[in-house]
Structure formats: C-alpha cells, structure tokens
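One letter stands for each residue in the lines below.
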Amino acid sequence: MNLDTNKLSSAVRLALTLGAVAAAGVAGTAMAQDTGTTTSSTSNEKSAKQLQTIVVTGSRIRRVDIETANPVFAIDRQTITQSGAVTIGNLLQETPSVSGAATNPRVNNGGGTGAATVSLRGLGSGRTLVLLDGHRIVNGDINAIPVNLIERIEVLNDGGAVTYGSDAIGGVVNFILRKNFQGAEFSANYGISDYGDGARRGYSALFGQTTDKGSIIAGIDYNKYDAISSNNRSWSNQALYLYSGHVYAFGSSRTPNDRIFLPAGSPLRSQFGCGSLTKLPNVSGTALSDYRCFTSSDFYNYQKVNLILTPQERTNIFALSTYQLTDNIQAYLDVFSNKTSSHYAIAPYPFDASSAGVVISKQSIYNPFGINFGFDPATNTAYTNFMTRPVNFGQRVGSYSTTTDQAFAGLRGNVGDTSWQWDLNLDYGFLSQGSYSTGYINTQALQQAIGPSFYDNGVPTCGTSTAPITGGCVPINIFNINDPAQTALLRKYAVAPFTQLIYVSREVSANANGNVFSLPAGDVSLAVGALYRKEYQNYVVDSLIQTNPATGTCQLGTGCSSPVRGGFNVKEAYAEVLIPILKDAPFAKSLNLDIGSRYSKYSLAGNTTNSKLQIEWRPIDDLLLRGTVQQVFRAPSVSALFAGPASSAPTFSDPCIGYVPGVSPAVHDAACGAPTGTVASQVPPGGIEYSGNSQTNAIVSGALAAGYKLRPENGKSFDFGLVYDPSWLEGFSTTLDFWRIYLNNTITGINANVVADLCYNNPASPFCAFIHRFPTGQVQFIQTPTVNLGRLDTSGVDFSFRYRLPQFELFGVDPGRFQVNFDSTYISKFNNNPAPGTGTPTYTYAGSYNQSFGNFARWRALASLNWMRGPWDATWRLRYIGNLRIGNPSPIQNQSADLALPAYVLPIGSVTYSDVSVGYNIAPINTRIQIGVNNVFNKQPPFFYQSSVINANTDVNTYDTIGRYYWGSVTVKF
C-alpha cells in the first residue's frame, strides 16, 4: 500500500503527538498497540510502511489512524511511574468507567488472595476481558502483572465480544508490554501510611538486548505489603449498625459469653422475662443464676480483629524474546511466572449449634437448662439454638499461595511484499491456588464432648452411666468455653483445612490481516482468524470441610466447600472488514464502515454468531463522529459451572418472619413452609421468629453443584460519540461518548435475599428449591449458586479532554510546560430485573450502593495537572466519586439501609482524593528520584455501616481505607 500525502502527513502528526504525550506524561490518551511485527533491515520501504500501521484495542484491522470508532482510554508508562504504583490494581480501578464491586487487597472478609480485578461499566470482573499484548491471561488478577514491564494500558470502553470473544461485554483491558528495550534498569521503592502501618517495599530489575536478528527482555519484579488492622482506624474499629434510624455498636450474636435462645412457651422465658440469655462474666455457666437477658450491648465487636489491608507478597519473573528466522518470518516466545502469598484474618470461630448440625445435650453435666440445643440432622429435629465464640482459641486466618505461569509462543510475518501479515501462536496458562486455614474447630468430632455426660466417681465422663464413652473423650463445658482449661480441651478439636485450585487453559490461534482491493476512497482491509481453546478446573477440598448437601454443614460447621472438577472447549472463527466509503468529499473528509462477525461453538453452551457495525465519519479534519452497534455474548466460565459449594454468611432479611403454617397465605408456603415430613407445630405460635442476627447461612457454588442448568447470556452494546481536535486551539482534544449495554439471561451468583424474595412472591419459582429451613421455620441454609437471572440494562456518558498549554513566560521566566487531563463517566441507568414477566420489580441501582452489585455513584472522574521543567516534573491527581444513596424510598424495591425500617434511604456524600508526586532526573548518572503522597488530606471513607456491608463499615471495594500514604522510589538505568 502506497501512502498518499494525507496519510503520510497523518502519520507524521501521529508520531509527533505520541512523542509530546510521552514527554508530558499524559494519562488517558487513546494509544495504539505495538505493531507486533519485526521487519527486515534490508527492506526500508517495507519497514516504513509497517511503522505507520497500527492496531488499536477493539479492532483486528491495521491502519494509520489512531482515532477510530473504538472509545479507548489509555494509561501510559509515565503516568504509571508518577503514580508510584508497585501493583497496577489501584491505579486501574480509579478509571472512571470502573464501578460495581471489583475486588482488591482492601477486601478482607471475602478476599485475602491479594488480587485486584476490573469491573468496567459495573458489570463485574467476569464481564471484563483482560489481555496481555492481545492474549487472554489465565489469572484475572491484574496485580500479578509486573509493573516494570508495562508500556501502557489500553481500556476499551465498549463491548469487544466480536473482536475478542466471550467475557468482553463491559469492555477490554489490554496491557501493552515494553519492546526493544536496550540496557538495564533497576528500581527500588518504599511506602508507609501516616499511621505508621501498611508499609510496602519493592524492587525490580529489567534487562534487554536488541540486534538485527532479534531481541530479548528479561527481568524480575518483587513487592510486599504489610497488613493494616481495622482496629487502627477510628471509623472501622467498631461494628456499627443502622437500626431504627440510629447508629448502634452492635456486632455478632456469636459472643464470648454465649447467646442462648429459650424455647417458645418455656417457663424459662417467664422466669428471665426474655427470649435469649447471656452469661455473666467470671462464672462457670453451670447454674441458672449465672445468666441474664441478652441485650444489644452484648454483641461481639468482630471489627477489632479484622483487616482493612490484607498482607501480600509477590514475585514476578519474565522473559520476552524474538528471533528473525527469515526476512519475512519471526519467531517469538514470552514467558511469565508469578508467585503471590497473602492471607485474610477474621474474628475467632463463631460456634452455632444449629448451623453446625450438633446437639448440646440436656443430659450434659454442664447444662443447667435441662433442654437440648442445636439441630440433629439424623432425625431432622431442631431444638432452640446456642451460640458462642471461643476468642481464646485465636483468630481464623486463611493463607493463600497462588502461582501463575503463562507462555505465548508463535510465528508471525509478512506475505512477500504485500500488505498481508499473519500470526500463528500457542497460549498456555496454568494457575494453582492453595489455601490453608487455621482457627477452625471440628464440630462433628466435638459432638461427643458436648453430648450426654456424667460423673464417674467424681470424674467427668462422656456418655451415660449405662453407655459410657471411652477412648479419650472428655466432656467440655461449652457454656464456659473461654475458661483456659476448657480452651485447652477444645484445642484437641482444632483443625487446619486446606483447598487446592488448579486451572489450565490451552489455546491455539491463527490470524491474518491485509488489504484485499482498493476503492476510490482507499483500500478495503480484512482481518480473519480462528482459534481453539480448552479450559479445565480441578478444585480439591479437605475432607474436613466437604459439604453435606442434605444439611449444608460439614465437620467444621462453617467454611464448608466441596470438590468439583470439569472443563469445556470452544472453537471460534472471526472476520472483520474495513470499507472506506468517502474521502475528501464535501462534509466527508473520510467516511469508513467497519463490519465484523464471530462464530463461537462451546462444548457445554452451544453455538452463537455475534456481529458488529461501526461507522467513522470525519465531516471536517478536526471532528470525528463515531458509532458502534454490536452483539455481546458470554458463555458460562469454568468457575461459574464447576465451582464447588462453599459456606458464607450474607446479610439477610427474611420475608417470612411472622409466618404461621396453615394460617398465613398459602402462596408463601413454598418460601416459608417447614420441611416436608416435619412437625409444623414446632414453628412458634407467633410465627417464625426474628433470630436477632442480620446474617444467615448460605452455600455459594457453581451451577452444576446445585443441579442448575446454566445458559449463556447475550445482549447488545451501543456507543455513539465524537472526538474533537480543534486546529484553532493547539494541544486541546476532547471526546464525548453515549453508551448503553443490555444483557439477557445474566450469569450471576444469586443473593440469599433474592432467592427468598423471588420464591416468596412466586411459589412456582425454580429458586424455591434453594431454601432450606429448620422445622422451627428458621433458615437452615440457602443455596446461592451461579444462575441465569433476568436482564441488566445500563447506560451513561463518558466525557474527557486534554489540554497541553502553550509555552509562555511569567515575569520573564519560563515556568515550564503544563498539561491538564480530565476523564469522567456518568451512569444514567443501571437496572436489574431478576425475573422478567413474573411481576418481579425492576431494581434501580444507578446512583446507589447495593450489596450484590456494588457502588454505582452516578459521577466518577479523574483529573490531573502535569508540570515539567528541565529535570523536574510534578503531578497533582484528583479522584472523584460522586454522591449516592443506600436503600430506595420505593417499598416495592425492597431495599433499605436500616435493619428495622423498610425503604430507609441513607445519603452518602461525594469523596475527592488528592495525590501529588514530584520527580527529578539526575541525567549524569541516569537516575530518577521520585516522592509522593497519596490521599494528601487523609480523607476517610464514608460510613455505610454493617447493615449494608460486611467489611469495615464502608465499601472497601471503592474507597481508600489506608489514609494518607507516603512513598518514594529510585530508578537507575544503564
């Protein structure tokens, strides 16, 4: 292809623009991927041609233009450096188009792996595809990508399912790696919070050599973060709840001094004047006089021993190599290995006799009440409940060791002197994640020690006088479990269960692109390709925590899981064509049409064909109008299908409180009725009682473990916008995009509240089978597997601008160069209807927080002011998260921020974080020194309260929990 004058001019302007961007440290400029092709040194004409063709994330077509129909937000290397980031998660999660509930190391209860993921458009990390130089990565943890190897990050803000396949619904994050690096680079960094905790340290080394025959880059990246305790921050050291419009320091009902529920109609209720008791301090608990009524002041404050930053340690080793086999063929091999160690730490073991499936015998020598407590799964008999927490036993700690290995190998090249280029590659990925948990108790083995017991010649003995139990069993006073002697006995039942996850992905693909023929407006370009991918997962679980599907319990009583393994394969083929329609016509400097289609055939999800249509219209040189309409598709992932059952304790509001069998409307029987074959009279006369705990027991799993047939989800993505680069204002550029995405049959982990509500309103709901209750009506457990759940519909606006100020003098002095960057996203709609056509309401989440979906503040923005003068540079960054609400004033939405009041709305104000950094380049010794402060004004996160979240009284997925943070780094190049 011969470049005409206009294209050559565009290429020159592109090169100059990219050079200016790199010098000024621009964040968010739409950059392009590397060409990915090494050309022969003997072919200058071919080299010149290929240097001017690029591939922008979102398309397979190589072209000259950097501004296309694809809305791409980019973070360049200088921005990464100026942020002081040693892992990329926090920086990428600040992108305005990210919302919802992506995980990060601030998530302790429900996290602890050290991972950070991306949730573009708030659609979840499972709908955001992460690529490494255009290849799928085996681990969605972006913190595992070595920062010193990243050249830039391109974020495609519209669906990319046609271009990249399943999962690219919310968008695509493509990490472009450094190429042709020559020499060596060493870096060291350190940081610590203003509170003296959360210290981090990191070291990295990069080596590179490039010759006419090939290149190699190799290096290592190491970083380590220390933990931060919730107890070290005033806003997180108490478990705060919103109840009846007031804030209370409640906590968990599993308390060190016990919580004991008395049977309905028992004389004990009249004697004490209440329905539940707690033990007085410093007593044995073996006499009724040792107890008083349980009050709100008795709840256990679990927040003091939680974390707001989980510790993690990472080591990355990598090598990227190319070798020129012939003038037209190049071989390449990229290998990556990451090892991450991390852990979470939560409150000591919460013992719950009913949930554990054990019975504290009325014949125990330590039981002063003369009644049984707990649940006997063998006879399906439910007694009143007993809860305690052995705090002297120590915290529960879950340690993770995650190893990720990935390799890309292939051949690529040119077809003679034509424009055609091709690539044949293999992609292999291996993930191993082992977990080891301490602080747990084998409750099933404990059964004999808390069962019947008697004194044999003054010696406490398990069993009865007619059937004593020998073999080392010693009765335990569960009513005084934190007495040192009893804690010592309890340690006999201590266990440390393990799990092991193995995930393997293998892919082979072939791609080609080039020009097919010419039209008056230019060359018609075509990209085609095919791939085969196989994914497999094997989840191994310690027998101690294997879930009994009939009871939802295991030997530990909590933390239960199940082994599952399985996999699938997919075959795909795609084609994309770029058709230039008009060029240099009146009101059409250019008009291009881009059409693409992808066929996918999944072994477990059937086949589908998805297509896209993109239009680029440049009526004048300075203005580009663009539009994209495309189909999006997501097949069930391996984890969505095969994840084993695991226990959890979500916040829950039972719609069946007060339900009485045979009296309440029969339409509610499916959701509230006692199990078949049990005695309905066990339900108290006043109906199902409020348990006094805002949590319930749930079993999270993949679809197959719950017997659910999971289908693919599908929908459409729309993006219409403009790019304006006014020639009359040099250095200024702005973009505006209107977007919308809707999905049907959404693949999601269903929430316990949603299960209960759907069944409560529709007795024919398939989710009724997921509800399991004790004969008393109390929830035993609720299955919450991955299911297909209705329709999601979201839309909004992206707006950004860049302005590189012209050089000027101030009082005769050159103050340096300045650049202003601004990016923002407005969410106008985020609606979810879990069961269309059944009368179930459509839930509206835009401008609000929801525990299942996360944070959807309508406005998010990122701004920066960059300055450079000689060896000095500085950056001031602003991160803005707009105001929102928790709860909904409409009763039909069934969303409340208050545990006691329906439709209660809690307003949450906007938050702005400021980060500053200053850098200095010492040219004679090729050294750069940089210091910075994140969250300069020590902005604390807003209170969401434990009524709505499970970590630290706030949304730890979104807000900064660390506070003011100081850091510094030194980089030396040779």
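Scroll up to find the structure.
Residues numbered from 1 in each chain as written. Predicted model: local features only at pLDDT ≥ 70, side-chain atom pairs only at ≥ 80, totals over all residues. Heavy atoms only, no water.

Q: Talk me through the state of the cysteines; I want residue IDs and the actual numbers.
A: Here, disulfide denotes a covalent bond that connects the sulfur atoms of two cysteines. Within the structure shown, the criterion is met by four disulfides. Paired through a disulfide, Cys-656 and Cys-672 show a sulfur-sulfur distance of 1.8 Å. Its torsion about the S-S bond being -70°, the disulfide of Cys-656 and Cys-672 is classed as left-handed. You can see Cys-656 sitting in the loop between β35 (646–648) and α11 (669–672) and its partner Cys-672 sitting in helix α11, a full 16 residues away along the chain. (Disulfide = S-S within 2.5 Å. Helix = DSSP H or I, 4+ residues; strand = E, 2+ residues; numbered from the N terminus.)

Q: Hey, could you go over unusual backbone geometry for me, with residue numbers and the actual values?
A: Trans is the common state for peptide bonds, and a negative phi is the common state for residues other than glycine. Positive phi outside glycine occurs at Asn-282, with the angle close to 60°. On the basis of relative accessibility, which here comes to 82%, the residue Asn-282 falls in the exposed class. We note that Phe-587 has phi near 60°; this positive angle belongs to a residue other than glycine. Along the chain, the position of Phe-587 falls in the loop between β31 (564–585) and β32 (588–602). (Buried < 20%, exposed > 50% of the residue type's maximum accessible area, 1.4 Å probe, protein only.)

Q: So what's going on with the sheet that holds strand β3 (residues 135–136)? Which residues, and what values?
A: Strand order in the open sheet made by the five strands is β1-β4-β5-β2-β3, with mixed pairing throughout. Lying at the two open borders of the sheet, with one neighbouring strand each, are β1 (72–76) and β3. Note: strand β2 (residues 128–132) against β3, two bridges, orientation antiparallel. The partner of Leu-131 across the bridge, within β3, is Arg-136. (Pairing = 2+ DSSP bridges.)

Q: Could you give me a rundown of the nonpolar core, with the residues and numbers involved?
A: Ranked by size, the top nonpolar core spans 44 residues in total, and within it Phe-351, Ile-360, Phe-369, Phe-386, Leu-446 and Phe-479 carry the most contacts. Breaking this core down by element, the ones donating at least two residues are α6 (267–272), β17 (329–346), α7 (353–356), β25 (440–441), α8 (443–450) and β30 (522–541). It is α8 that provides the largest number of residues to this core, a total of three residues. For Ile-360, the residues in contact, after removing those within four places along its chain, are Phe-351, Ala-353, Asn-367, Ile-371, Asn-372, Phe-373, Phe-386, Ile-450, Ile-478 and Phe-479. Of all hydrophobic cores here, the second largest spans 41 residues; its members include Ala-635, Tyr-708, Ile-782 and Val-787. (Core = buried A, V, L, I, M, F, W, Y, C linked by side-chain atoms within 4.5 Å. Contact = heavy atoms within 4.5 Å.)

Q: Go over the packing of aromatic side chains with me, naming the residues and quoting the values.
A: Taken as a whole and assessed by the stated rule, the structure comprises 40 aromatic pairs. Considering the side-chain rings of Phe-351 and Phe-386, the 6.3 Å spacing of their centres and the 65° angle between planes classify their relative orientation as edge-to-face. One end of the pair, Phe-351, is in strand β18 (residues 351–352); the other, Phe-386, is in strand β22 (residues 386–388), and 35 residues separate them in sequence. A residue is classified by how much of its surface remains accessible, and Phe-351, at 2% relative accessible area, is buried. Consider the rings of Phe-568 and Tyr-602, whose centres lie 5.9 Å apart with planes at 50°: the pair is tilted. (Phe/Tyr/Trp six-rings, centres within 6.5 Å; stacked < 30°, edge-to-face > 60°.)

Q: Quick one: what's the story with the sheet that holds strand β20 (residues 373–376), residue by residue and with numbers?
A: The three strands are arranged β19-β20-β21 in an open sheet whose pairing can be described as antiparallel. Because the sheet does not close on itself, it has two edges, and the strands there are β19 (359–360) and β21 (381–382). Across two bridges, β19 lies against β20 in antiparallel orientation. Across the sheet, Val-359 pairs through a bridge with Gly-374, a residue of β20.

Q: Let's hear about the pattern of salt bridges: which residues, and what values?
A: Opposite charge on two side chains permits them to pair, given that their charged atoms come into close proximity. Tallying each qualifying case throughout the model produces 31 salt bridges. Between Lys-973 and Glu-185 there is a salt bridge whose closest N-O contact spans 3.9 Å. Separated by 788 residues along the polypeptide, Lys-973 in strand β53 (residues 965–973) and Glu-185 in strand β6 (residues 183–193) bring together distant segments of the chain. On the basis of relative accessibility, which here comes to 42%, the residue Lys-973 falls in the partly exposed class. In this structure Glu-185 comes out as buried when scored by relative accessible area, which is 6%. Glu-507 serves as the salt-bridge partner of Arg-533, at 3.4 Å between the closest nitrogen and oxygen. Residue Arg-533 is located in strand β30, and its partner Glu-507 is located in strand β29 (residues 498–519); the two are separated by 26 residues in the primary sequence. A relative accessible area of 12% places Glu-507 in the buried class. Each of Arg-77, Arg-178, Glu-185 and Lys-973 takes part in a single network of salt bridges with overlapping partners. (Salt bridge = Lys/Arg side-chain N within 4 Å of Asp/Glu carboxyl O.)

Q: Let's hear about the environment of Tyr-366: which residues, and what values?
A: If you trace the backbone, Tyr-366 turns up in the loop between β19 and β20. Residue classification places Tyr-366 among the buried residues on the basis of a relative accessible area of 13%. In contact with Tyr-366, not counting residues within four places along its chain, are Gly-285, Thr-286, Pro-460, Pro-475, Ile-476, Asn-477 and Phe-479.

Q: So what's going on with the pairing of β1? Residues and values would help.
A: In summary, the side chains of a regular strand alternate between the two faces of the sheet. For β1, a buried count of five out of five residues is recorded, marking the element as mostly surrounded by other parts of the structure. Of the two faces of β1, both are covered, the one formed by Val-72, Ala-74 and Asp-76 as well as the one formed by Phe-73 and Ile-75. For β1 and strand β4 (residues 150–156), the ladder comprises five bridges, and the chain directions are antiparallel. Among the inter-strand pairings, Phe-73 is bridged to a residue of β4, identified as Val-155.

Q: Which residues make up the environment of Glu-616, and what values go with them?
A: Tracing the chain through its elements places Glu-616 in strand β33 (residues 606–620). C-alpha of Glu-616 to C-alpha of Thr-628: the two residues are twelve residues apart in sequence and 9.1 Å apart in space. At 2.8 Å, the side chain of Glu-616 and the side chain of Arg-63 are in polar contact. A polar atom in the side chain of Glu-616 sits 3.2 Å from the backbone nitrogen of Ala-69. (Polar contact = N/O pair within 3.5 Å; in protein donor to acceptor, adjacent residues only side chain to side chain.)

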